[in-house]
Amino acid sequence: MINEEAIFQIEAMRRQECGAYACRDYFQQQTCCEESKCQFGTLTRPSKRWSLKKSKKCKPLGPDNRQKMVTWFQQIVDHCGFDRESVLIATSYLDRFLMTKSGVPALHNKNTFQLVAMTCLYIAIKLFEPEVINPAIVSFLSENLYSEKQITEMEMVILSA
């Protein structure tokens, strides 16, 4: 009886992995993003805050950018004495957000990508660590490149994606 339950649970988990929980290689699936087509999943012009600055060569970000942010996650978590699992959770949030239509602009702008990644770590720490960090600290960690308001706004974008 126990074996049948285990088999049933494993089959259910495998179906979920192929469905809503499936992860795609969002870096390989990206094409050049046109400025008028996306602002975190909408069909409106991007705001100045999260603009898609057009360059002569529209080159999407790659796995090396993701790796830099994961390394930064590890440094922050280690320095603050948080659990390393927060890095895994933040990376999962980052990956899942970047697979959505709302995440497309972040794949074409390093600053937006960095804001999204930092906010994912902020969310993971906020939810799973006993000590919560303030958006002001995240802003400070970004060397004030992003304001508290930008971080909290991005948090809402990520959570509603």
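Structure: above.
In short, a report on the structure. (Residues numbered from 1 in each chain as written. Predicted model: local features only at pLDDT ≥ 70, side-chain atom pairs only at ≥ 80, totals over all residues. Heavy atoms only, no water.)

**A word on empty space enclosed by the protein**
Per the stated rule, a full pass over the model turns up 1 cavity of 30 Å³ or more. The volume enclosed by the largest cavity comes to roughly 40 Å³. Along the walls of the largest cavity sit Trp72, Ile76, Met118, Leu121, Tyr122, Ile125, Ile133, Val138 and Leu141, which together make up its complete lining. Looking at the lining of the largest cavity, the elements with two or more residues in it are α3 (63-80), α5 (110-128) and α6 (135-141). (1 Å grid on protein atoms, 1.4 Å probe; cavity = no way out; pocket = protein on both sides within 12 Å on 5 of 7 lines; lining within 4 Å. Points joined across faces, edges and corners; volume = space filled by probe spheres on them. Helix = DSSP H or I, 4+ residues; strand = E, 2+ residues; numbered from the N terminus.)

**Here we look at α5**
Between its terminal C-alpha atoms α5 stretches 27 Å, which fits the 27 Å expected from 19 residues at 1.5 Å a residue. One side-chain oxygen of the residue at the start of α5 lies 2.9 Å from the amide nitrogen of Asn111, identifying that residue as Asn109. (Expected span 1.5 Å × (residues − 1). Polar contact = N/O pair within 3.5 Å; in protein donor to acceptor, adjacent residues only side chain to side chain.)

**Observations concerning the layout of surface pockets**
The calculated volume of the largest pocket comes to roughly 220 Å³. Put simply, the parts of the chain that give the lining of the largest pocket at least two residues each are α3 and α5. Residue composition of the lining of the largest pocket, by class: 6 nonpolar, 3 polar and 2 charged. (Nonpolar A, V, L, I, M, F, W, Y, C, P; charged D, E, K, R; others polar.)

**Considering the environment of Gly62**
With respect to the helices and strands, Gly62 occurs in the loop between α2 (26-29) and α3. On the basis of relative accessible area, Gly62 is assigned to the buried category, the value being 13%. Sequence spacing of Gly62 and His108 is 46 residues, and the spatial spacing of their C-alpha atoms is 9.5 Å. (Buried < 20%, exposed > 50% of the residue type's maximum accessible area, 1.4 Å probe, protein only.)

**A word on the nonpolar core**
One broad trend across soluble globular proteins is that nonpolar side chains are buried collectively. One finds Phe73, Val116 and Leu121 to be the most contacted residues of the largest nonpolar core, which totals 34 residues. Those elements giving two or more residues to this core turn out to be α3, α4 (85-98), α5 and α7 (148-160). Discounting chain neighbours no more than four positions away, the residues touching Val116 are Leu94, Phe97, Ala106, Met154 and Ile158. (Core = buried A, V, L, I, M, F, W, Y, C linked by side-chain atoms within 4.5 Å. Contact = heavy atoms within 4.5 Å.)

**What about the environment of Ser92?**
Mapped onto the secondary structure, Ser92 falls in helix α4. In the structure, Ser92 is positioned 29 residues away from Leu121 in sequence and 9.9 Å away in space, judged by C-alpha atoms.

**Considerations on the packing of α3 against α4**
Think of two packed helices as two axes; the pair is described by the angle between the axes and how far apart they sit. Packing of α3 against α4 leaves a shortest axis separation of 9 Å and a crossing angle of 150°. Taken together, the axes of α3 and α4 lie roughly antiparallel to each other. At the point where α3 passes α4, the crossing takes the right-handed sense. Two secondary-structure elements touch here, α3 through Arg66, Val70, Phe73, Gln74 and Val77 and α4 through Ser86, Val87, Ala90, Thr91, Leu94 and Asp95. When its residues are assigned to classes, the contact of α3 with α4 shows 6 nonpolar, 3 polar and 2 charged. (Axes fitted to C-alpha atoms, helices over the stretch in contact; angles between N-to-C directions. Parallel < 35°, antiparallel > 145°, perpendicular 65-115°, else oblique. Left-handed = near helix turned anticlockwise from the far one by under 90°.)

**A look at the packing of α4 against α5**
Taken N-terminus to C-terminus, the directions of α4 and α5 make an angle of 130°; their axes are 8 Å apart at the nearest point. In terms of orientation, α4 and α5 fall into the oblique class. Crossing hand, α4 versus α5: right-handed. Of the residues in α5, those in contact with Ser86, Ile89, Ala90, Tyr93, Leu94, Phe97 and Leu98 of α4 are Phe113, Val116, Ala117, Cys120, Leu121, Ile123, Ala124, Leu127 and Phe128. Classifying every residue of the contact of α4 with α5 gives 15 nonpolar, 1 polar and no charged.

**Considering the environment of Asn109**
By the element assignment, Asn109 lies in the loop between α4 and α5. With a relative accessible area of 11%, Asn109 lands in the buried category. Along the backbone, Asn109 and Pro60 are 49 residues apart, and their C-alpha atoms lie at a distance of 7.7 Å.

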